Amino acid sequence: MRKNDIISIISIIAMFMILAMASRSQAIAPIRGENGKLIVAQAAERKEPYYQLTDEEYALICNVIDLEAGGESEQLQRAVCECILNRITCGHWGKTVSDVVWATDDKGIYQFEVMYWIERAQPSELTKRVVLEVFRDGPTIPARVMFFRKDYYHSTSWARAEFSIGVVYFSSSKWLEV
């Protein structure tokens with residue numbers, strides 16, 4: 001078996017485990033859309049998910065959220081995930097999960113430092129559930145919020161402070177219009 005096949009199988013099993021454990025009051029069911037893309041979950045009253053994840057994207061974003069905010073509160077994991085989803089929606093760094101999380105700056109440095117050790121990720125059930133819910137329902141934080149870091153806000157020369165959760169600070173760009 002190839003590594004991608006194993007990851008896909010694990011992702012599918014994890015998705016069903018998460019859905020089985022979901023404690024939300026809405027009916028949630030896994031559905032495949034056009035071209036076999038995974039519609040992560042679909043709430044009864046919602047016709048389309050906010051973003052359709054492939055199995056590979058689901059595994060990748062779960063790993064990124066684990067390394068960026070794993071072990072932290074659900075609120076913080078959700079805000080980090082929504083921040084990344086805002087980047088996808090914006091399109092400045094690309095239009096897919098892969099484009100955004102693997103994006104580099106003009107010096108070739110990853111925008112998300114965790115990409116250097118992505119293979120170490122071990123996302124929890126909470127992280128997996130948060131990813132499913134965020135990509136199904138869309139972000140609740142403002143679309144302009146696309147940056148986060150630990151301990152302090154980004155430089156005020158280019159960023160606007162938005163909010164913090166614990167020791168993680170979220171910002172928006174002064175130049176990037178959404």
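Bear in mind the structure is a predicted one, so any value in this text is a computation, not a measurement.

**Q** Please clarify how the overall build of the chain should be interpreted in this entry.
**A** Assigned secondary structure in the chain consists of five helices and five strands. Counting only carbon and sulfur atoms, one obtains 52% of the accessible surface of the chain, whose full area is about 9,600 Å².

**Q** Help me understand the environment of Ser-173 in this model?
**A** Here Ser-173 is to be found in strand β5 (residues 168-173). Residue Ser-173 is classed as buried on the basis of its relative accessible area, which comes to 7%. Measuring from C-alpha to C-alpha, the distance between Ser-173 and Ser-155 comes to 10.0 Å, with 18 residues separating the pair along the chain. If near-sequence neighbours (up to four positions away) are discounted, Ser-173 is found in contact with Arg-144, Phe-147, Trp-158, Ala-159 and Arg-160. Within the structure, Ser-173 has its side chain in polar contact with the backbone nitrogen of Trp-175 (distance 3.0 Å). In this structure the side chain of Ser-173 is engaged in a polar contact, spanning 3.0 Å, whose partner is the backbone nitrogen of Leu-176.

**Q** Would you mind going over helix α2 (residues 55-69) with me for this structure?
**A** Side chains three or four residues apart in an α-helix point the same way, a direct result of the helix having 3.6 residues per turn. The end-to-end C-alpha separation of α2 is 21 Å, in line with the 21 Å expected for 15 residues at 1.5 Å each. In terms of residue burial, α2 counts as a mostly covered element, since eleven of its 15 residues are buried. For α2, every residue scored as buried is listed here: Asp-55, Glu-57, Tyr-58, Ala-59, Leu-60, Ile-61, Cys-62, Val-64, Ile-65, Asp-66 and Ala-69. A positive backbone phi angle near 85 degrees is found at Gly-71, which sits one or two residues after α2.

**Q** Help me understand the environment of Gly-70 in this model?
**A** Along the polypeptide, Gly-70 turns up in the loop between α2 and α3 (74-90). Residues Gly-70 and Leu-126, 56 residues apart in the sequence, show an inter-C-alpha distance of 8.8 Å. The residues contacting Gly-70, other than those within four sequence positions of it, are Ile-65, Gln-77 and Thr-127.

**Q** Looking at this structure, I do not really get the side chain of Ser-172. What am I missing?
**A** Within the secondary structure, Ser-172 sits in strand β5. Taking relative accessible area as the criterion, Ser-172 reaches 0% and is therefore assigned buried. Within polar-contact distance, the side chain of Ser-172 engages the side chain of Glu-162 at 2.6 Å. Here Ser-172 is in contact with Arg-144, Val-145, Phe-147, Trp-158, Ala-159, Arg-160 and Glu-162, once residues within four sequence places are set aside.

Reading the values: rules and limits
Residues numbered from 1 in each chain as written. Predicted model: local features only at pLDDT ≥ 70, side-chain atom pairs only at ≥ 80, totals over all residues. Heavy atoms only, no water. Helix = DSSP H or I, 4+ residues; strand = E, 2+ residues; numbered from the N terminus. Areas by Shrake-Rupley, 256 points an atom, 1.4 Å probe, with all protein chains shown as cover. Buried < 20%, exposed > 50% of the residue type's maximum accessible area, 1.4 Å probe, protein only. Contact = heavy atoms within 4.5 Å. Polar contact = N/O pair within 3.5 Å; in protein donor to acceptor, adjacent residues only side chain to side chain. Expected span 1.5 Å × (residues − 1).

The values reported here are purely geometric and, on their own, carry no functional implication.
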